[in-house]
Protein chains: 2
Amino acid sequence: MAERVVRHFQEELEQLKTRLLEMGGLAEERVRAALEGLVSRDMTVVERVLIGDTPINQLHIEIDNRCFTLLALHQPMAVDLRAIVSAVKINTDLERVGDLAINIAEAVTRYLKHPPVKELIDIPRMAGIAQSMLRDALDAYVRRDITMAEAVLNQDDELDGLKTQVFRELLTYMLQAPSTIEPSLDLILISRHLERIGDHATNVAEDVIFMVSARDVRHHSADRSDGI
Amino acid sequence: MAERVVRHFQEELEQLKTRLLEMGGLAEERVRAALEGLVSRDMTVVERVLIGDTPINQLHIEIDNRCFTLLALHQPMAVDLRAIVSAVKINTDLERVGDLAINIAEAVTRYLKHPPVKELIDIPRMAGIAQSMLRDALDAYVRRDITMAEAVLNQDDELDGLKTQVFRELLTYMLQAPSTIEPSLDLILISRHLERIGDHATNVAEDVIFMVSARDVRHHSADRSDGI
């Protein structure tokens, strides 16, 4: 590529990263707000989450377009190609996190119709971990930092452990008092939505590892697939 | 592209489609087996699902490699470019369906430790719908058939309706008899895993619609994004 074209491509790639960070920020903020609504039992906050997905959906489309334009116009190779295809996948993951914020807000809406089952400790902790995993995974993407991405994968176990703990504790409540069954089910659902946000952060981290280090792996596998 | 190169590219694209169908077949078969284990209360079938994810994981890597190789070597444009990026996304969706089959098998393993809560009718129906959505979405991809893809989107409502019905029915059982709480929770989880399989089929169908019809939408959006 001519120098001017390369510079233009790198600028576009930087803008793509900025947009992905913006998208991640929006997704994270929606999860934070849904949890704030749960903890403070404030339906006005929850309702903002329920109706506020237009910006994230618009950004989702814009980022996808940027990726396709970059692929079509610049025909990038190696790590740049992987960075852009990863961006398409990460964009999908972030959009799903936005959807999960809505799922959480829906469960919170039902939950707030009942008296509180218990003081919430582990679920806000799960939310904190999921949000930080998401932030770190995106930072790892922007910096192409494998070590950081691997640290995200390790945090996932903590999230799974808390999910199991939440489940066991709520099961005890349900067995003791049938009136807690319905609201407990919603707390269990919320904890599973948070676990899935962690899964999406894990996907992003895995994409980063693939993007940065894939060369050898890909070479090996390309050999396998009929030597294309 | 020279004629020979074009023909080679089209052959590779056909092979990619074949592999995706194969991957879809494996994923669907694993879901079917997990449900068979549930309905017939046969742990040997369930155990095969729990340990049998190597072929699908290998195919996942192979398909990803094929996509990157096609992008790098042939630098496709327009619908071919979208077909290959869609294949990357669809491949991810199918791998998740394989994971969900394991999640279902895990829930079935726990469920079978208790006496049956009820005769299972809606959950096998949900599984049937989810499997047929997946199959149709992949057929729509291979045939580049928008009408077929749109039909998949419509089936998703039926799946959501059944999920709500399963939930309400099991809630009644749980409220009446605490001994059914634990196994009922696993049935609720299974119904949600099936719903998510439907969501993945929906993602595939949406990718097909984008792949086939995106030209105008894309053009419009490319205009928006700083005229790259």
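So, here's what we can say about the structure. Quantities reported herein were computed from a predicted structural model and do not represent experimental measurements. (Residues numbered from 1 in each chain as written. Chains lettered and ligands numbered in written order. Predicted model: local features only at pLDDT ≥ 70, side-chain atom pairs only at ≥ 80, totals over all residues. Heavy atoms only, no water.)

Quick look at the overall build of chain A now. For chain A, the helix and strand inventory stands at seven helices and zero strands. Along its sequence from the N terminus, chain A presents helices and strands in the succession α-α-α-α-α-α-α. Principal axes of the C-alpha set define a box for chain A whose edges measure 70 × 35 × 30 Å. When each of the 228 residues of chain A is scored for burial, the buried share is 56%. Expressed as a percentage of contacts within chain A between residues at least 6 apart in sequence, the contacts between residues at least 24 apart total 84%. Surface summary for chain A: the accessible area is close to 9700 Å², and the carbon and sulfur share equals 52%. Computing the positive centroid from 26 side-chain charges and the negative centroid from 38, chain A places the two 1 Å apart. (Helix = DSSP H or I, 4+ residues; strand = E, 2+ residues; numbered from the N terminus. Buried < 20%, exposed > 50% of the residue type's maximum accessible area, 1.4 Å probe, protein only. Contact = heavy atoms within 4.5 Å. Areas by Shrake-Rupley, 256 points an atom, 1.4 Å probe, with all protein chains shown as cover. Lys, Arg positive; Asp, Glu negative; His and termini not counted. Charge placed at Lys NZ, Arg CZ, Asp CG, Glu CD.)

Residue and element names in this part refer to chain B. Along helix H2 (residues 43-51), the residues that are buried comprise Val 45, Val 46 and Val 49. Projected onto a plane normal to the axis of H2, the buried residues spread over an arc of 100° and lie on a single side. Facing away from the buried surface of H2 by more than 90 degrees, the exposed residues are Arg 48 and Ile 51. Buried residues in H2 make contact with helix H1 (3-40) and helix H4 (78-111). (Arc of directions from axis to C-beta.)

Residue and element names in this part refer to chain A. Using the criterion set out here, one finds 32 salt bridges over all chains in the structure. Here Glu 62 ties to Arg 19 by a salt bridge, and the two come within 2.9 Å at their closest N and O atoms. With Glu 62 in helix H3 (residues 54-74) and Arg 19 in helix H1 (residues 3-40), the pair connects residues that are 43 residues apart, well separated along the chain. For Arg 19, a relative accessible area of 25% corresponds to the partly exposed category. What emerges from the salt-bridge pattern is a single network uniting Glu 12, Arg 19, Glu 22, Glu 62 and Arg 66. (Salt bridge = Lys/Arg side-chain N within 4 Å of Asp/Glu carboxyl O.)

If you walk through the whole model with that rule in mind, you get two aromatic pairs over all chains. Measuring from centroid to centroid gives 5.2 Å for A:Phe68 and B:Phe210, while their planes differ by 65°, and the two rings are edge-to-face. Placement of A:Phe68 in helix H3 and of B:Phe210 in helix H7 (residues 181-224) is noted, with the two residues assigned to different chains. Here the basic side chain of A:Arg82 rests over the ring of A:Phe210, its NZ or CZ set 5.9 Å away from the ring centre. (Phe/Tyr/Trp six-rings, centres within 6.5 Å; stacked < 30°, edge-to-face > 60°. Lys NZ or Arg CZ within 6 Å of the ring centre and 35° of its normal.)

On the chain A side, the residues contacting the 45 residues of chain B number 45 residues. Interface area, chain B with chain A, both sides summed: about 4100 Å², of which 66% is carbon and sulfur. Put simply, chain B and chain A have two salt bridges between them. B:Lys89 is the partner of A:Asp64 in a salt bridge, and the nearest nitrogen-oxygen pair spans 3.6 Å. (Buried area = accessible area lost by both parts, 1.4 Å probe.)

Let us now look at the packing of H2(B) against H4(B). Helix-helix packing is characterised by the crossing angle of the two axes and by the distance between the axes. Residues and elements named next belong to chain B. Interaxial distance between H2 and H4 falls to 9 Å at its minimum, and their mutual angle equals 145°. H4 is crossed by H2, and the crossing has left-handed handedness. In this structure, H2 uses Met 43, Val 46, Val 49 and Leu 50 to contact H4, whose residues at the interface are Ala 101, Ile 102, Ala 105, Glu 106, Val 108 and Thr 109. Here the contact of H2 with H4 is composed, by residue class, of eight nonpolar, one polar and one charged. (Axes fitted to C-alpha atoms, helices over the stretch in contact; angles between N-to-C directions. Left-handed = near helix turned anticlockwise from the far one by under 90°. Nonpolar A, V, L, I, M, F, W, Y, C, P; charged D, E, K, R; others polar.)

Residue and element names in this part refer to chain B. Note on placement: Asp 186 falls in helix H7. Judged by relative accessible area, Asp 186 falls into the buried class, the value being 6%. Once you skip the residues sitting within four places of it in the chain, Asp 186 turns out to touch Ala 107, Arg 110 and Tyr 111.

We now examine the packing of helix H4 (residues 78-111) of chain A against helix H5 (residues 122-143) of chain A. Residue and element names in this part refer to chain A. Where H4 meets H5, the axes come as close as 12 Å, and the angle between the chain directions of the two elements is 165°. Taken together, the axes of H4 and H5 are roughly antiparallel relative to one another. Judged by the sense of rotation from one axis to the other, the crossing of H4 with H5 is left-handed. Two secondary-structure elements touch here, H4 through Ala 83, Ser 86, Ala 87, Ile 90, Leu 94 and Val 97 and H5 through Leu 134, Leu 138 and Tyr 141. Of the residues that constitute the contact of H4 with H5, the class distribution is eight nonpolar, one polar and no charged. (Parallel < 35°, antiparallel > 145°, perpendicular 65-115°, else oblique.)

Attention now goes to the environment of A:Glu36. Residue and element names in this part refer to chain A. Within the element layout of this structure, Glu 36 appears in helix H1. Using a relative accessible area of 35% as the deciding quantity, one classes Glu 36 as partly exposed. It is 8.8 Å that separates the C-alpha atoms of Glu 36 and Pro 124, two residues lying 88 residues apart in sequence. Contacts of Glu 36, omitting those with residues within four sequence positions, involve Arg 41 and Val 45.

Here the focus is the environment of B:Ala205. Residues and elements named next belong to chain B. Relative to the helices and strands, Ala 205 resides in helix H7. On the basis of relative accessibility, which here comes to 0%, the residue Ala 205 falls in the buried class. With 58 residues separating them along the chain, Ala 205 and Thr 147 place their C-alpha atoms 9.9 Å apart. Those residues in contact with Ala 205 that lie beyond four places of it in its chain are Ala 137, Ala 149, Val 152 and Leu 153.

Superposing chain B onto chain A takes a rotation of 180° combined with a translation of 0.0 Å along the rotation axis, leaving an RMSD of 0.0 Å. Taken together, the turn and the small shift mark the pair as related by a two-fold rotation axis. Scanning chain B for the C-alpha nearest the rotation axis identifies B:Gln75, at a separation of 3.0 Å. Interface residue correspondence from chain B to chain A reaches 100%, placing this contact among same-surface, isologous pairings. (Least-squares fit on C-alpha atoms with pLDDT ≥ 70 in both.)

The final tally for this structure, using the stated rule, is zero disulfides over all chains. Unpaired in terms of disulfides, A:Cys67 finds its nearest cysteine sulfur in B:Cys67, a separation of 15 Å. Judged by relative accessible area, B:Cys67 falls into the buried class, the value being 0%. (Disulfide = S-S within 2.5 Å.)

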